[in-house]
Amino acid sequence: MLFIKNARIYTMAGKIIENGSLLIEGSKIKEVGADLKAPLQAEQIDAAGKNIYPGFIDAHSQLGINESGLGAEGRDGHEGVLPVAPHLRAFDAINPLDRMFQVANSSGLTTAIIGPTSGRGTVIAGSMSAIKTTGDCIDDMILAECVGIRCTMGPTAKHLALVAPRIPSSRTTIAALMRDTFLKTLQYKAVKEDRPQPYNMVYEAMIPVMEKKMPIVVHANLKEDVFNAIRVAKEYDVRLILLFVAEAHLIAKDLKKEQVPCLLGPLHAAHSNPEVRHHSKTAAAELSKAGASFAIIGNTGRSKSDAITVQAALAQAAGLAEIEALKAITIYPAQIYGIDKRVGSLEAGKDADLVICRGNPLTRDGVIEKVFVNGEITYSN
Amino acid sequence: MLLIKNGKIFTATENCYQEGSILIADGQIVEIAAKIEGPSEAQIIDAGGRLVMPGMIDAHTHMGIMELEIGYAGYDNNEMDDPISPELRGIDCINPETRSFADARKTGVTTVITGPGSQNILGGTHVAIKTLGYRVDDMVVKNPVAMKCAFGENPKNSYGKKGRSPVTRMAQVAMLRETLIKAREYMEAKEAVDGDLSKMPPVDSKLEALIPVIKGELPLKAHAHRADDILNAIRVAKEFEVKLILNHATAGHLVARHIAKAQVPCVLGPTFTTPGKYEMKDVTFKTHGILNKAGVKIAIQTDAPISPTMHLPLMAAMAVREGLDHFEALKALTINAAEIYGIADRVGSLEVGKDADILISEISPLQYNAQAWKVIINGQIVHSL
Amino acid sequence: MKAITNARIYTMAGQVIERGTVSWQGSSITGVSDQLLAPSSDVFDAQGGSLLPGLINAHCQAGLKESLLDYVAGDDSNESSFPITPQLNPVHGINPADPVFAAMLSQGITTVAIAPGSINVLGGSVAVLKTCGSTVDEMVIKNSAGIKAAIGDDPKQFYRAKPFVPQTRMNTMAMLRENFFATRDYLQAKELADISIMPPYNAITESLAPVLEGELPLFVHANRRDDIHSALRLAREFNLKLILVNAAEAHLLAEKLATAQVKCILSPGLKSRSKFELQELCWQAPALLSAAGVELTVVPDSNVLPANELTAMATMLRKNGYTLEQVIAMLTIKPARILNIENKVGSIEVGKNADLILYNNEPFSFKEEIKKVIVNGQECLSKGGEQVATD
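If you're wondering where the values come from, they're calculated on a predicted model, not measured in any experiment. (Residues numbered from 1 in each chain as written. Chains lettered and ligands numbered in written order. Predicted model: local features only at pLDDT ≥ 70, side-chain atom pairs only at ≥ 80, totals over all residues. Heavy atoms only, no water.)

Asker: Which parts of the structure should I look at to understand the side chain of His253 of chain B?
Answerer: All names here are of chain B. The residue His253 is located in the loop between β11 (244-248) and α6 (256-262) in this model. Side-chain polar atoms of His253 contact the backbone oxygen of Thr250, separated by 3.4 Å. Not counting residues within four places of it along the chain, the set of residues in contact with His253 comprises Asp282, Thr284, Thr287 and Ile290. (Helix = DSSP H or I, 4+ residues; strand = E, 2+ residues; numbered from the N terminus. Polar contact = N/O pair within 3.5 Å; in protein donor to acceptor, adjacent residues only side chain to side chain. Contact = heavy atoms within 4.5 Å.)

Asker: Help me out: how do you make sense of the nonpolar core in this one?
Answerer: Taken as a class, soluble globular proteins show a tendency for nonpolar side chains to be buried jointly. Formed by 313 residues in total, the largest nonpolar core has its most connected members in Leu242 of chain A, Leu246 of chain B together with Leu257 of chain C. Excluding residues within four positions of it along the chain, Leu257 of chain C makes contact with Ile228, Leu232, Leu244, Ala250, Val262, Cys264, Leu289 and Val294 of chain C. Counting residues in each nonpolar core, the second largest holds 16 residues, with Ile9, Ile45, Leu354 and Ile356 of chain A among its members. (Core = buried A, V, L, I, M, F, W, Y, C linked by side-chain atoms within 4.5 Å. Buried < 20%, exposed > 50% of the residue type's maximum accessible area, 1.4 Å probe, protein only.)

Asker: Explain helix α8 (residues 308-317) of chain A here, please?
Answerer: One turn of the α-helix equals 3.6 residues, which is why residues spaced by three or four share an orientation. Residue and element names in this part refer to chain A. Looking at α8, one finds that the buried residues are Ile308, Thr309, Gln311, Ala312, Ala313 and Ala315. Looking at the packing, one finds that the buried side of α8 touches β6 (56-61), β7 (109-114), α7 (283-290), β13 (294-296) and α9 (322-327). Positive backbone phi, at 125°, marks Gly319, one or two positions downstream of α8.

Asker: Can you walk me through the packing of helix α5 (residues 169-192) of chain C against helix α6 (residues 203-212) of chain C in this structure?
Answerer: Two packed helices can be described by the angle between their axes and the distance between those axes. All names here are of chain C. For the pair α5 and α6, interaxial distance at closest approach is 9 Å and the crossing angle is 95°. As the angle between them shows, α5 and α6 are arranged roughly perpendicular. Where α5 abuts α6, its residues Asn179, Phe180, Ala182, Thr183, Arg184, Tyr186, Leu187 and Lys190 lie against Ile204, Thr205, Glu206, Leu208, Ala209, Val211 and Leu212. Counted by class, the contact of α5 with α6 contains nine nonpolar, three polar and three charged residues. (Axes fitted to C-alpha atoms, helices over the stretch in contact; angles between N-to-C directions. Parallel < 35°, antiparallel > 145°, perpendicular 65-115°, else oblique. Nonpolar A, V, L, I, M, F, W, Y, C, P; charged D, E, K, R; others polar.)

Asker: I keep staring at the sheet that holds strand β9 (residues 127-130) of chain C and nothing clicks. Help me out?
Answerer: Consider a sheet: its strands pair through backbone hydrogen bonds, and that pairing is either parallel or antiparallel. Residue and element names in this part refer to chain C. Strand order in the open sheet formed by four strands is β6-β7-β9-β10, and the pairing between neighbours is mixed. On the outer flanks of this sheet lie β6 (55-60) and β10 (140-142), each paired with one strand and no other. Averaged over neighbouring strand pairs, the angle between their axes works out to 30° when direction is ignored. In the sheet, β6 pairs with strand β7 (residues 109-114) via four bridges, with the strands oriented parallel. Following the sheet pairing, Cys60 is matched in β7 by Ile114. (Pairing = 2+ DSSP bridges.)

Asker: Just to check I follow, could you spell out the pattern of salt bridges for this structure?
Answerer: This structure, assessed with the given rule, holds 77 salt bridges over all chains. Between Lys213 of chain A and Glu211 of chain A there is a salt bridge, and its shortest N-O distance comes to 3.1 Å. Assessed through its relative accessible area of 59%, Lys213 of chain A is described here as exposed. Note on Glu211 of chain A: relative accessible area 31%, which makes it partly exposed. Among the salt bridges present, the one from Asp137 of chain B reaches Arg135 of chain B, with a minimum N-O distance of 3.8 Å. Overall, the relative accessible area of 5% leaves Arg135 of chain B in the buried class. Within this structure, Arg179, Arg231, Lys234, Asp254 and Glu258 of chain A together with Asp92, Arg135 and Asp137 of chain B form a network of salt bridges that share partners. (Salt bridge = Lys/Arg side-chain N within 4 Å of Asp/Glu carboxyl O.)

Asker: Got a minute to help me understand the interface of chain A and chain B in this structure?
Answerer: When the parts of a complex come together, some accessible area is lost, and that lost area is often used as the size of the interface. Contacts between the two partners involve 39 residues from chain A and, on the opposite side, 36 residues from chain B. Taking both partners together, chain A and chain B bury about 3,300 Å²; carbon and sulfur atoms supply 50% of that area. The largest share of the area that chain A buries against chain B comes from Thr172, Gln187 and Arg231 of chain A, three residues that together contribute 19% of it. At the boundary of chain A and chain B, one finds nine salt bridges. Its salt-bridge partner being Arg135 of chain B, residue Glu258 of chain A comes within 3.0 Å of it at the nearest N-O pair. At the junction of chain A with chain B, the criterion picks out 26 residue pairs in polar contact (both at pLDDT 80 or more). If you list the elements that add at least two residues to the side of chain A that touches chain B, you get α3 (171-192), α5 (223-235) and α6 (252-258) of chain A. Split into classes, the residues belonging to the side of chain A that touches chain B amount to 17 nonpolar, six polar and 16 charged. (Buried area = accessible area lost by both parts, 1.4 Å probe.)

Asker: Would you take a moment to explain the interface of chain C and chain A for this structure?
Answerer: Between chain C and chain A, the contact holds 30 residues from the first and 37 residues from the second. Here chain C packs against chain A, burying approximately 2,600 Å² in sum over the two surfaces, 53% of which is carbon and sulfur. At the junction of chain C and chain A, the tally comes to seven salt bridges. Applying the counting rule to chain C against chain A returns 16 residue pairs in polar contact (both at pLDDT 80 or more). Contributing elements (two or more residues each) for the side of chain C that touches chain A: α4 (153-160), α5 and α7 (225-238) of chain C. Among the elements that take part in the side of chain C that touches chain A, α5 of chain C stands out by supplying 10 residues, more than any other. Of the residues that constitute the side of chain C that touches chain A, the class distribution is nine nonpolar, six polar and 15 charged.

So, in structure tokens, the structure goes:
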């Protein structure tokens, strides 16, 4: 048992608790509140003058799947010759010993949503997993094996139509491949309920999508591609989450109306390619104003792995309220991915994933002192 | 509410002008009369005797699909790796904010037909959209309006040159016919089990997309320049009893009576061009007048961005110079295109109940120096000189 | 009857016999005792030299990837046209005239397991042969000891360049799972069907059936810890018997492997660590695994067998925690058990094959000399080291 006391606790579930305490038993939070008594057998940590936050969650990470410091040997996220491959599982390719896990963890990141990546020729890339950022065996680090099926719409997925054409070399084909996969999955499911048939990993992986138990998470930056994604998802009534969404600030009202959550970022991208030429740091603030659902991604592993608080800070500087910026890297991604029963806020019964910080982690004076995952200290300054 | 007064109105329902006014409310035309006493809140536009006509329709483009300014990221005109791609849909690749749309509005082109190109034997569906908006789904007049197919040199260049079928015109027609036969069988098998997925043969997105064509609900829009390609298209359409629209029909004037007999409409253009391919060697602005007089319904296209959409009225003007009747030219730019694509319930003419898509022009757009004075889409002024 | 007497016998089935006799008839051992016999034309006086069971090399591409010929003509170790080829058998690609067999015999290796390389995700079977013979048919003692698989860097590096699949670790694992699912369906269909509606013969699922049913192990080439975890995950999912090949980082997971009863074939080698995934390769590894209770053997690093390679290997093992007897066991009875051929070879016991190596003094000492190599009861190597012709 561990009793952390005298802290300002940002639970992300209601008011900020001044002079608060938190009791950890095993891997879970047993209790959190203002006037708790420390059990006799509990080890105590005095966090006077410190802030406590839920462990941060990166809604889109490449930790371990595109390894740091390596070339092709370390890149396992893009199976470029298969346009439709929902059955590929990110956790079959994550190397937990990539030292970026430690770097990310020491910056307060306790859960990373890691999936296959976008790239030429890949429309449906595979399953994304929720992974705790500490451990040496991936099987022990999995919080949820599949939180979404990763897709890409827009120029990134296209082959060069006029130079080296291969399917898909047009946006029309990307949409057609997605619809075709949905339709074939529906048939596979219907036949399965009727009689035995050969096992098909692709359609098995898609069944939960058609049953609305699992979302598709679609890389889409330009407005055109966002609306294409919405159209395709609506036709087959599947749950949609949008990823990156560089032009989100231009269509906040539409996103709110369509009730599509957006995983925004990375906010410091260069304006160098046609997809992101209009991106703006105000995206999160605009969506927040419009009442639309969003989270802020860190893209850890690809972007600097200690940057998720930087992303939140950039959004705050551009107009997002501080508490919203913190929620955007904790409870919002947890809710969007449906893992909020375990992580995202400091509440009794949830995993003891937390960050003790001296100062505000969204400012350069904030210093992370301790990080906990599953009740264990994984980093101590 | 908008009240246009003192206009020289061409409604496109008759070959004449009428002096009068038009009242617009909630994006629609609510009254056309010699004199209208509008409600006080109506914004008044005094046309001062200027020509008031339906917004023009560019009857074939790739607008929003070939975004030439940004390279491959904006090029979605053809899936270049599969000659049989009817499952593709034009609506899935349109960027409605590309520059062509602003050019269209400034010219008085208020509706365009846009969709995949002609590299494939079957290329996907085309859609009719207004030229105003940021989200294409909000701009749709009708989706789909046609299933694109192609005859002649383009599919041969795309595939035959790479050693893949079709290498010959024989193969083009054979592959199209084979696909239509399979679509018909697929449709029948599906109907036999009431569309029950567990009992149907394996689902096929390509054949699914062709069911409305087989049923006669969705026309085939056949790209064909040369006379023999035109006749190939007519023959196949007849065999399968499907609706047909001829796209380009460059040598149509050479086989006018065959086209007239088959009652197939033609979307003519882009005629501002030197013949860059053998199959276009007979290109001429005379085609319009000849086909029109033979009783063929014609519309006009720029094939934007192949030629800029702002030259649409100029193309009609050239056709008039070469023998097309003046009013027929104005109809070709408006109601004919609407009727060909089945969108005449909403656009193409000035009639009560239709969309308020209106062009007010100093002089007839068929004059070379014409400019749009005001352009209205869905009852909203989108361009003022 | 033939015999070798007055030898120090490392039976690998109990205590070392300080001075004793081994006799055999035909190809089988008929007697092992501490009695001495009088030398004769059929009874050889070892003069105190050491008698060992023939050594077993548990994994290589000998004869498949030929040592003298250039790439295309001589390399049959990877059917690199397609990544899934479990139906292939190396027996059809082994050239027994390759000098590597003589080299192996000259260092006492009498049994060798030959497998496809590590480019294919599923490469083919692992065949077991004696190293003495002029045709493979006489040399083969087991057509298939298991099926070879490979995950990690090798398959994806090769196929990425084509480009073909797999390009990532994700798809490597997905392809393995897919084929096991297909095998499961195939077996179920076969069981249900009567002869008139049997599923069509499928070479791939037929070859994987014994692996899925647990009769044969899956030999998985994997080096990095995350790849080893992937192999464990696959074995758990389909209840497979797992043998890890190369397994450069296995010693860092020793407890886990012991619990999962996974066997290891290591090749710490004497050369540099040539790839990123080999960076933990070391000679301390075998002892760490043995201490945790993992069954393992060690094989030479390469396809050709440089002179004294085995002695060097043995020396490294002795420097890193093993006694001489343990080293010998590592090269005889342990690989025999791993390959499931211990009913025939691996120890000097009545009833087993007469595969014997006679050293003039202590084996693996750099001063030893192999005096005789006997395979299936026949002398294969005379003192000069040349292979004796057999008929």
